[in-house]
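# Close look at the chain arrangement
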Amino acid sequence: MSSRTPSGQARTSGERAVARHGWAHALVTVLGGLLAMAVVAALGLWAAGATDLPDGAFAPVVAATVVTAVGGTVKLAGSAGDLADTQAGLTVIPLSVTLTGALVIAWGFLRPLRHRAVAGATELAGWAGRVAALWLLALIGLTLAARHTFDISLGDDTLGELGDLFGASPEIGFTTDVPLSVFVGVVWLAGVLVLALLVSRGAPLPAGLLRFQASVRPAAYAMVALLLACVVIGVVVALVVATAKGHARETFAVILLGLPNLVWLALTIGLGATWNGKVEGPFGLPMPHVLDEVLRTPDISELNLRTLSEHDGRVWWLLVVDVVLLLSAAFVMAARSPARVRAWQHAVHMAVALVLTVFMICLVGRISAHYGLSVLGIGDLGGGLGGELFLRPRLWGAVGLAVPWGLVTGFAGALLARHVRRRGEVRSDSES
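What counts and how
- Residues numbered from 1 in each chain as written.
- Predicted model: local features only at pLDDT ≥ 70, side-chain atom pairs only at ≥ 80, totals over all residues.
- Heavy atoms only, no water.
- Helix = DSSP H or I, 4+ residues; strand = E, 2+ residues; numbered from the N terminus.
- Buried < 20%, exposed > 50% of the residue type's maximum accessible area, 1.4 Å probe, protein only.
- Contact = heavy atoms within 4.5 Å.
- Areas by Shrake-Rupley, 256 points an atom, 1.4 Å probe, with all protein chains shown as cover.
- Axes fitted to C-alpha atoms, helices over the stretch in contact; angles between N-to-C directions.
- Parallel < 35°, antiparallel > 145°, perpendicular 65-115°, else oblique.
- Left-handed = near helix turned anticlockwise from the far one by under 90°.
- Nonpolar A, V, L, I, M, F, W, Y, C, P; charged D, E, K, R; others polar.
- Expected span 1.5 Å × (residues − 1).
- pLDDT = per-residue confidence, 0-100.
- Patch = residues over 30% accessible without salt bridge, like charges linked within 9 Å, V, L, I, M, F, W, Y side chains within 5 Å.
- Salt bridge = Lys/Arg side-chain N within 4 Å of Asp/Glu carboxyl O.
- Phe/Tyr/Trp six-rings, centres within 6.5 Å; stacked < 30°, edge-to-face > 60°.
- Core = buried A, V, L, I, M, F, W, Y, C linked by side-chain atoms within 4.5 Å.
- Pairing = 2+ DSSP bridges.

This paragraph deals with the overall build of the chain. Looking only at helices and strands, the chain has 14 helices and 8 strands in total. Burial analysis of the chain (432 residues in total) assigns 45% to the buried set. Here the contacts in the chain between residues at least 6 apart in sequence split such that 77% fall between residues at least 24 apart. By element, 66% of the accessible surface of the chain is carried by carbon and sulfur atoms, the whole surface being about 21400 Å².

Now the structure itself:
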């Protein structure tokens, strides 16, 4: 008669767990994430008018948009003959596409892990490795497909005649830095998978990490909920504006490509942060137009509550919205935490989480774009044939402001959640 040992039972259980999330499920997770990102990018680019690009450029532009959404690098290069010079650059992350892919991949990664309290580190690493291996192959193909070249018209004026005379036919194209884009894309995937494990209360963790879930998971969940709430509010506001003032197609382009770029920027400005920027030439920031008005000056401009309020006093509502959102996030964090966590600990957890969140927004929310063309010295980066746009945060000032905001709202949220029944709490009959 044979007996099954506990270790044998553990191995059998582990084998069944691995079978539930093998290569087939990993393939569905990766393809689902890429397909969702491609659809959102394509619809956003269609709304922005990218279907009119020449020479079948739409598909490569969609691929490039997905690459940049996961942190990849797209290089711009120009050529205009021996007597002309071009220069161009673009750095922007379409965060609507990024957020879509992160949510779909996180859901696919967590689905086979649900309804379990603990998972071995080997099992989790094997499951994440399957997803990462297929993601790596998909990224390589995507980066190789994201390249194209466009012809640029000089117009019918004197500059155009000079271009025709000297054979200066300007072109601008884009390609991807394949090694760097693939590396950053894999790091992005790792961040998504780790954050998914931290946020989901039902996702299993290795036994050695269980002691951290009481402090980390509620705070991570609260910050993700905060960011998603900002996006939902932004969608509602954008739809109201589109209904009231028109420009529906442009509005949907913003929603599908860069709405988190705007609403997370607004979140940091509501905290008191300052961003530096400049807009000149044909470039412009999407709605609201007050951003473009503040930044379209000869010198580098400051973007904060004070400068925005000089053009539109309603921006002070950002401060009110931030107070409500942060208090709500702090309440959610406290309500999801064990009863033994004290109010001052909630304050510290909230401050740390908010600092990391603001730091992330400052890193991914930067924008930089420029294009310039000159023929025989006529036309330059600041003239009619060029333009420049950039937006970057005062990083340490923004991060520093997150500390007092987090401490105050975290403590207040803990007080608001005092009467909420939480895990680990035992009440007497008279209290209940």
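From this point, the discussion proceeds with the structure in view.
Now for the packing of helix α4 (residues 95-110) against helix α7 (residues 178-199). For the pair α4 and α7, the least separation of the axes is 9 Å and the interaxial angle reads 55°. Here α7 runs oblique to α4, going by the angle between their axes. Two packed elements cross with a definite hand, and for α4 against α7 that hand is right-handed. On α7, the residues that touch Thr98, Gly101, Ala102, Ile105, Ala106, Phe109 and Leu110 of α4 are Trp188, Leu189, Val192, Leu193, Ala196 and Leu197. Broken down by class, the residue content of the contact of α4 with α7 amounts to 11 nonpolar, 2 polar and no charged.

Now for helix α14 (residues 395-416). For α14, built from 22 residues, the straight-helix expectation of 32 Å at 1.5 Å per residue is met to within 8% by its first-to-last C-alpha distance of 31 Å. Looking at the buried side of α14, the elements it contacts are α9 (248-270), α12 (317-335), α13 (343-364) and β8 (387-393).

Turning next to the packing of α13 against α14. Look at α13 against α14: their axes get within 7 Å of each other, and the N-to-C directions meet at 150°. The handedness of the crossing between α13 and α14 comes out as right-handed. Looking at the contact of α13 with α14 residue by residue, the classes come out as 21 nonpolar, 4 polar and no charged.

This part is about the confidence of the model for the chain. Looking at the chain, pLDDT values average 82 and 78% of them are 70 or higher. Ignoring residues within four places in sequence, the model shows residues 157-168, a span with pLDDT below 50, making 18 contacts including any to other chains.

So, about a nonpolar patch on the surface. Together, Trp344, Val348, Val352, Leu356, Val403, Leu407, Val408, Phe411 and Leu415 line one region of the surface with nonpolar side chains, adding up to about 800 Å² of accessible area. Elements with a contribution of two residues or more to the nonpolar patch: α13 and α14. Looking at the nonpolar patch element by element, the count peaks at 5 residues for α14. Locating phenylalanine 411 in the fold gives a position in helix α14. Relative accessible area serves as the criterion here: at 39%, phenylalanine 411 is assigned to the partly exposed category.

It is worth spelling out the packing of aromatic side chains at this point. According to the stated counting rule, one finds 3 aromatic pairs in the structure shown. Between phenylalanine 109 and tryptophan 127 the ring centres are 5.8 Å apart and the planes differ by 0°, which places this aromatic pair in the stacked class. Residue phenylalanine 109 is found in helix α4, and its partner tryptophan 127 is found in helix α5 (residues 121-145); the two are separated by 18 residues along the sequence. You'll find phenylalanine 109 and tryptophan 127 in the same group, each marked buried. With a centroid separation of 6.3 Å and 35° between ring planes, the pair formed by phenylalanine 359 and tryptophan 396 is classed as tilted. Within this pair, whereas phenylalanine 359 is found in helix α13, its partner tryptophan 396 is found in helix α14, the two being separated by 37 residues in sequence. Overall, the relative accessible area of 31% leaves phenylalanine 359 in the partly exposed class.

All right, on to the environment of proline 260 then. Secondary-structure assignment places proline 260 in helix α9. Residues proline 260 and cysteine 230 lie 30 residues apart in sequence; the distance between their C-alpha atoms is 7.8 Å. Excluding anything up to four places from it in sequence, proline 260 contacts Leu95, Ser96, Leu99, Val231 and Leu265.

Met223, Leu226, Trp264, Leu303, Leu308 and Leu354 are the most contacted members of the largest nonpolar core, which has 52 residues in total. Top contributing element to this core by residue count: α9, with 9 residues. Once residues lying within four places of it in the same chain are set aside, the contact partners of leucine 354 are Met223, Leu226, Leu326, Ala402, Trp405 and Gly406. Counting 47 residues, the second largest nonpolar core, distinct from the first, contains Ala57, Val67, Ala196 and Leu257.

Attention shifts here to the pairing of β8. On any regular strand, side chains alternate: one points to one face of the sheet, the next to the other face. Here β8 lies mainly inside the structure; 5 of its 7 residues are buried. Across 6 bridges, strand β5 (residues 275-280) lies against β8 in antiparallel orientation. Following the sheet pairing, lysine 278 is matched in β8 by phenylalanine 390.

Here the focus is the pattern of salt bridges. In total, this model carries 4 salt bridges according to the counting rule given. A salt bridge links glutamate 302 to arginine 306, with the nearest nitrogen and oxygen atoms 3.2 Å apart. Relative accessible area serves as the criterion here: at 29%, glutamate 302 is assigned to the partly exposed category. A salt bridge links arginine 306 to glutamate 310, with the nearest nitrogen and oxygen atoms 3.5 Å apart. Overlapping salt bridges, with partners in common, bring together Glu302, Arg306, Glu310 and Arg394 in one network.

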